[in-house]
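Here is what each chain is made of, one letter per residue.
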Amino acid sequence: MSDCIFCRIRDGEIPSDKVYEDDLVLAFRDINPQAPVHILVIPKKHVARLADLKECDQEVAGRIQLVIGEIARQEGIAEDGFRVVVNNGVRANQTVFHLHYHVLGGRDFSWPPG
Ligand code: AMP
């Protein structure tokens, strides 16, 4: 059994509120939402951090960008605007070391981020 929580969600060992799934990508609602819409989009393959993606991951990396747009349209946040965040590494506050894209929407966001 994997000790990665997102691998366990992928494998159905931990329940999740899935919003999208294909052969390469999975998306589910964040358990501790920071906005009315807060979805995590992950590669099914275990990649710890964004900076660990390799040449051979181009297909999944590209697919994730398209899936994010699809999810935003599905959730009704595409037109108003939404934020995509990847925390890469400890200094950026990454807490789960399986690459994930936060898709946040349904409220206003400020800049710069904290
Ligand atoms: P990060 O700090 O960027 O690594 O974000 C990790 C995110 O995973 C946080 O927003 C957590 O709320 C979320 N999270 C942790 N465990 C779960 C879970 N079992 N299901 C859904 N989201 C989770």
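Our structure is the block above this text.
Here goes a summary of the coordinates provided.

## Considerations on the overall build of the protein chain
Next, step 1: When its secondary structure is counted, the protein chain shows two helices and five strands.
Next, step 2: Reading the secondary structure of the protein chain in the N-to-C direction produces α-β-β-β-α-β-β.
Next, step 3: Relative to its length of 114 residues, the protein chain is compact, with a C-alpha radius of gyration of 14 Å against a globular reference of 13 Å.
Next, step 4: Its C-alpha atoms give the protein chain principal-axis dimensions of roughly 40 × 30 × 30 Å.
Next, step 5: When the 114 residues of the protein chain are sorted by exposure, 38% land in the buried category.
Next, step 6: Considering only residue pairs separated by 6 or more positions, the protein chain has 55% of its internal contacts joining residues 24 or more positions apart.
Next, step 7: In the form shown here, the protein chain has an accessible surface area of approximately 7,000 Å², with 50% of it arising from carbon and sulfur atoms.

## Notes on the site of the ligand
Next, step 1: Surveying the vicinity of the ligand reveals 16 residues, the closest of which are Asp-30, Asn-87, Thr-95, His-100 and His-102.
Next, step 2: One of the backbone nitrogen or oxygen atoms of Ile-31 is found 3.1 Å away from a nitrogen atom of the ligand.
Next, step 3: Residue Asn-93 places a main-chain N or O atom 3.0 Å away from an oxygen atom belonging to the ligand.
Next, step 4: Considering the ligand on its own, with 500 Å² of exposed area, one finds that the protein chains cover 84% of that surface.
Next, step 5: Put simply, the ligand lies in the largest pocket.
Next, step 6: Of all the secondary-structure elements, those providing two or more residues to the shell around the ligand are α1 (5–10) and β2 (25–29).

The rules behind the values
- Here the residue numbering is sequential within each chain, running from 1 through the sequence in written order.
- Per-residue local features are limited, in this predicted model, to residues with pLDDT of at least 70; the limit for side-chain atom pairs, both in listing and counting, is 80 or more; totals at the level of whole chains, interfaces and linings are taken over all residues.
- To get the side-chain values, take all heavy atoms of the structure and skip hydrogens and water.
- Helix numbering and strand numbering both begin at the N terminus, where a helix is a DSSP run of H or I of at least 4 residues and a strand a DSSP run of E of at least 2.
- Based on C-alpha atoms, the radius of gyration is set beside the globule rule, defined as 2.2 Å times the residue count to the power 0.38.
- A simple rule labels every residue: compare its accessible area, found with a 1.4 Å probe on the protein chains alone, to the largest value its type can have, and call it buried under 20%, exposed over 50%, or partly exposed in between.
- A contact between two residues is defined here by any heavy atoms of the two lying within 4.5 Å.
- For the accessible areas, the method is Shrake-Rupley and the probe is 1.4 Å, while residue cover comes only from the protein chains on display.
- When we say a residue is near a molecule or strand, we mean one of its heavy atoms is within 4 Å of it.
- Counted as a polar contact is a pair of N or O atoms within 3.5 Å, where, for protein atoms, one must be capable of donating a hydrogen and the other of accepting one, and residues adjacent in sequence contribute only when both atoms are in side chains.
- Both cavities and pockets are sets of points on a 1 Å grid over the protein atoms alone; in a cavity a 1.4 Å probe fits but cannot get out, in a pocket the set is open with protein on both sides within 12 Å along at least five of seven lines, and lining residues sit with an atom within 4 Å of a point.
- If over half the atoms of a molecule are within 2 Å of the grid points of a cavity or pocket, the molecule is regarded as sitting in it.

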